[in-house]
Each structure stands twice: as structure tokens, then as C-alpha cells.
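Reading the structure
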Amino acid sequence: MSGRPVQELDEADLAEYLDAAARSPLSRAVVGPDGQSQTYGELSAQADRVASVLHERGVGRGDRVGLLMPKSVQSVALIFGILRLGAAYVPVDAYGSPQRAATIFDDCQARIILADERSAGRLEEAAPPLAARTLITGDHWPDANASGKPSYPRAEKDPDRLAALLYTSGSTGTPKGVMITHRNAVSFVEWASATFGITETDEVASHAPFHFDLSVFDLFVTVKHTACIHLIDTDLAASPRHLPEFIAKSGITVWYSAPAILGMIAESPRAERFPQNRLRLVLFAGEVFPIDKLRRLLHLWPTPQYYNLYGPTETNVCTYYRVPEQIPASRTAPLTIGHACSHCDIIIVDEQLEPVPPGESGFLSVAGPSVYPSYWNLPARTAERTFRFGGRRWYNTGDIVRATPDGYAFLGRADRMVKRHGHRIELDEIEHSLRHNDVLADAAVVSTGVPGEVTITAFVVASGVEPTSVELRQYCHSRLARYMVPDDFQFLDELPRTSTGKTDYQELSSRCEVAEAVRG
């Protein structure tokens, strides 16, 4: 493995990265969306005070601490304070459904929930019992400049202790928590460090929200090398018009995001007028990057090195591909997802979980120190996705690939999971939510479009008076993650059925494709 030797992962600890960076106390550590910044000395001091306050509130090793707030300088200190105490952080979208947040915090039995005042109020309205476990944090909570030395028991190293719980869409209608241990995260951080050569001179953009697995790179690879993290808030993160100016003005050298926003930047009407920037590295992951948009981006920003990274939350990045400096105009197929990272092993298996012959397609499966130990409190679901082969434990990603000389070609999935803006979406979770709406008698959800440009359509049958699309969209916003809300709602008298009485998803997909062709 590149980077830290495998045996040293037995002493893996994410909090150690801040300890080392604090030896350069005057180096700039983080810049918030509001321009507020902290040095590594200030960040370390505030993390200590966070750990001390949480210890006074009864938080200890192994506890889960919820995070429900916008990205800020303070939120970075909270994460490292939680880790120094030996607890695990559970980040949830502060702008998403408070009911979904409550479901997650109840599921993981969060000992304490750290929230800004607005998010705490929304959470209390959705789930009043959680108010007793919610601690409202202010701009200076806790004050890193307060007198007195923080006191708390620093957690001993335990590479298999839980570091984070990242919740993803669940096919049963409930989000599922992916357990990320210190060993899992550190193995990725060490690989990324050796591969991309981040240094203390880098200015790293933090585009991904903290509940998205891309943030593991932003937070921990950056801190490991005493580089500077530039936090991007939700509004700016979704603005292809303003991001190029931010990248140039902030001197960003390293960018990592899902392809969607990069594609929108590439298609901006006045992209040729973008200010010059200092980018040297552009990483993207989470979904297929449409080749025409990528080709356009390479033309606009010809200087950086580009990498296509692949890997679900359960493994973080497990394959990567260096994008060539030029992509032939004749190429229409997406890039491959490359070859296995040096800290991972890859096999392709069939439905019987046996390796397929060379050149045949199958399910990409991963083994190695970055592979998650389990879903939180879902042993049966974990067993469905993991298997033993050759004396090792493997995770079946469910992604269908074929090995080629240029790397693994991504062919799609056999189930009803799709990706949009880098996020995994179980269409069944959207269906479950809609079917719990009393104004609907039935619902079915399908996706159409090519990878990287997915459209989600919900077909619904009213139980009485037909609701409006606005009302259904508001209902979904109150229960689902923002990226899961359908793009369109179609009203039917009844859902089409197959000869066996099941929902005819193929027929519904065909209707969407016909409608898209008419609009086109």
C-alpha cells in the first residue's frame, strides 16, 4: 500500500492529524463561508474545549454525537473535539428534513446533538423528545480563548472504534448508517496523501457537505498536511455562476466534488471569461461525468491534473483513473473508473458471488482496510452485502462493471439504486415515503436519463381529491433528503401492472422516455 504501511494502521487515529498540525500553530487551518478563519493552534484549542464540554455532559468513548448545523469554522472544531474524546460524529443535513434528522438521531441513539439555534428549533418541532438531548452552539461555543485548561480523558488509540456514522438512502424506506472506523478512514487518507501529494501550501475547497463521504478527504487529508480548508456553504456550492470566482479569489489549488457542479460550470454561458485560477488538482467522484461536459471543462481549465475517483460510502475511494489531458472528439463513452487503489483489492463476481471469467461483466467487490465493518444495527442488511472469498471479507457494491485494459468500465446496476449529484438514492425509499401520505392510494418511482444526468419521476394515484405537485413536493421535502425529492409528479388513475400483479416499472420508464422525447 502507498503511504502508511498496513501494520501501522493498527495505531490509526484521525484525531492525531490535528495533533501533528498543531505543531505549526500559526498556519491557517480553516476559512469559513463567512470569511472567518482559524489557525491550527486556535483550531486545536477549540477542539480541546469541545471535548471538555462534551465530557462534562457525559459523552464518552464510543458515544455518538449528532451534528446538525451549516458548515462553519466551529463545526470543524466540533468534529475534532468529538474524535479526541473517543466518540463518533453523526452529521446530518441542516437544510434537509428535520423528521429525517430525528429518525437518524434516534436510530444511532445519539448521546448529544450539537445544533445551531435554527436547526435546533426545527428539530424540536419535528421531534420534541430530542430537545433534551440537543445542545445549541453559538458562534463562540466553546470560546477557544477562555481561561482555564480544558480537562477531559483523551481517548486511547483504537483503530476499530467508530469515528463517524454516515447515513445513506435505504431501500426499506429508512436511512441506513454506514459505520466508518478510524482504520477505514485513515487507510483512505494515507492512500490519498501518497497519491495526490497534498502539502502545507495547498488551499483545499470543501464543497461536499459533512454528511457526504467526500468530506473525509476535505477534512482529514487537508489537516494531515497542515493545508488550509475553505468551507463552501450550501448556496455557493450550487452556484456554477459564482464558484469560478470563488476558486480564483481564494487561491484554491485542490478541488473535490461530484461531477454535477463541474458539468454546470463547464456549461456556463460565459465560461470563457472565468478568471484565472491556481487549480493544480481536480478530483471528482460519485457519479458518471458526461464526456462532453468533461471535455469542455478540460478546455476551460487545462492546467490541473484530473482524476475520476470511484467508491461507495462503504469503501470510500477504491478505484481511480487519471484523466488524459485531451479526450478525442470522437469519444462518446464515459471514462472508466480506473484500477484498484493500492490499499484495496478488487474482484468481479457473478450472482453466486464467484469470480467471473476475464472480460465478462459482474458485480465489483472490494476488500481491504477501508471497507466498513457494518451498517448500524442492521446485521441482516450487512450480511446481504458482504461475503467471504479466499479467506477474506468482501463488500459487494452492487455496481456492474467489466475489466478492460483501461480500467473497470461501469455498466450500471441490477437494482433500483441510482446516483444523483454524487448521492446514492434508493428509489424504494421515495416510494415508501409517498405511500405513507394519506392523500395517496399508491405510488411508484422511476429514474430515466443517462448516468450523471438522472431524472426522477414519481407516478402517484390519489386516494381522493388529487393533491397538487407543489403539495407533494413539500411533503417529500419534509421527509426526505433534498437530493431525493422527485423532479416530476405524474398522476394516474391506477399504476400499470405486470401479468403477476407487480408494478410495471418498465412501462412507467417508457412513458417518461416518450414524454422527454416530446419535450426535446
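This is a predicted model, so every value here is computed, not measured.

Rules behind the numbers
- Residues numbered from 1 in each chain as written.
- Predicted model: local features only at pLDDT ≥ 70, side-chain atom pairs only at ≥ 80, totals over all residues.
- Heavy atoms only, no water.
- 1 Å grid on protein atoms, 1.4 Å probe; cavity = no way out; pocket = protein on both sides within 12 Å on 5 of 7 lines; lining within 4 Å.
- Points joined across faces, edges and corners; volume = space filled by probe spheres on them.
- Helix = DSSP H or I, 4+ residues; strand = E, 2+ residues; numbered from the N terminus.
- Salt bridge = Lys/Arg side-chain N within 4 Å of Asp/Glu carboxyl O.
- Buried < 20%, exposed > 50% of the residue type's maximum accessible area, 1.4 Å probe, protein only.
- Disulfide = S-S within 2.5 Å.
- Contact = heavy atoms within 4.5 Å.
- Polar contact = N/O pair within 3.5 Å; in protein donor to acceptor, adjacent residues only side chain to side chain.
- pLDDT = per-residue confidence, 0-100.
- Phe/Tyr/Trp six-rings, centres within 6.5 Å; stacked < 30°, edge-to-face > 60°.
- Lys NZ or Arg CZ within 6 Å of the ring centre and 35° of its normal.
- Axes fitted to C-alpha atoms, helices over the stretch in contact; angles between N-to-C directions.
- Parallel < 35°, antiparallel > 145°, perpendicular 65-115°, else oblique.
- Left-handed = near helix turned anticlockwise from the far one by under 90°.
- Nonpolar A, V, L, I, M, F, W, Y, C, P; charged D, E, K, R; others polar.

**Side note on empty space enclosed by the protein**
Summed over the entire model, instances satisfying the criterion amount to seven cavities of 30 Å³ or more. Within this model, the largest cavity holds a volume of roughly 200 Å³. What lines the largest cavity is a set of 20 residues, among which F212, D213, T313, G422 and R424 lie closest to the centre. Contributions of two or more residues to the lining of the largest cavity are made by strand 7 (162–168) and strand 22 (423–426). Among the elements that make up the lining of the largest cavity, the one with the highest residue count is strand 7 (three residues).

**Brief notes about the pattern of salt bridges**
Enumeration over the complete set of coordinates arrives at 24 salt bridges. D19 is paired through a salt bridge with R84; the nearest N and O atoms lie 3.0 Å apart. Of the two residues, D19 sits in helix 1 (residues 15–21) while R84 sits in helix 3 (residues 73–84), which places them 65 residues apart along the sequence. Residue D19 is classed as partly exposed on the basis of its relative accessible area, which comes to 24%. The exposure class assigned to R84 is buried, which follows from its relative accessible area of 2%. A salt bridge links R154 to D19; its shortest N-O distance comes to 2.7 Å.

**What about the state of the cysteines?**
As enumerated under the stated definition, the model contains zero disulfides in all. In this structure C341 is a free cysteine whose sulfur lies 5.3 Å from that of C344, the closest cysteine sulfur available.

**Re the environment of T253**
Topologically, T253 is positioned in the loop between helix 9 (243–249) and strand 11 (254–257). In this structure the C-alpha to C-alpha distance between T253 and G86, which are 167 residues apart in sequence, comes to 32 Å. With residues near it in sequence (within four places) discarded, T253 still touches D202, E203, R278, L279, R280 and L281. Within the structure, T253 has its side chain in polar contact with the side chain of D202 (distance 2.7 Å).

**Observations regarding the confidence of the model for the protein**
On average, residues of the protein score 91 in pLDDT, and 95% of them are at 70 or above. Predicted confidence is poor over residues 1–7, with pLDDT under 50, and the contacts of this stretch with residues over four places away or in other chains come to 18 contacts.

**Focus on the packing of aromatic side chains**
Going through the model one piece at a time under the given rule, you end up with 11 aromatic pairs. Centre to centre, the rings of W191 and F196 are 5.5 Å apart; their planes meet at 85 degrees, and the pair counts as edge-to-face. Side by side, W191 and F196 carry an identical accessibility label, which is buried. Look at F217 and Y256: their rings are 5.2 Å apart centre to centre, the planes differ by 75 degrees, and that puts the pair in the edge-to-face class. One end of the pair, F217, is in helix 7 (residues 215–224); the other, Y256, is in strand 11, and 39 residues separate them in sequence. Each member of the pair, F217 as well as Y256, carries the same accessibility label: buried. These aromatic residues form a ring-pair network of at least three members: F188, W191, F196, F217, Y256, Y307 and Y320. Geometry around W394 places R392 over its ring, the cationic atom sitting 5.5 Å from the centre. We note R393 situated over the ring of Y372; from NZ or CZ to the ring centre the distance is 5.6 Å.

**A closer look at the packing of helix 2 (residues 40–56) against helix 3**
At a minimum axis separation of 7 Å, helix 2 and helix 3 run at an interaxial angle of 60 degrees. Judged on the interaxial angle alone, helix 3 and helix 2 are oblique. The handedness of the crossing between helix 2 and helix 3 is right-handed. Contact residues: helix 2 offers L43, S44, Q46, A47, D48, V50, A51 and L54, while helix 3 offers Q74, V76, A77, L78, F80, G81, I82 and R84. Counted by class, the contact of helix 2 with helix 3 contains 10 nonpolar, four polar and two charged residues.

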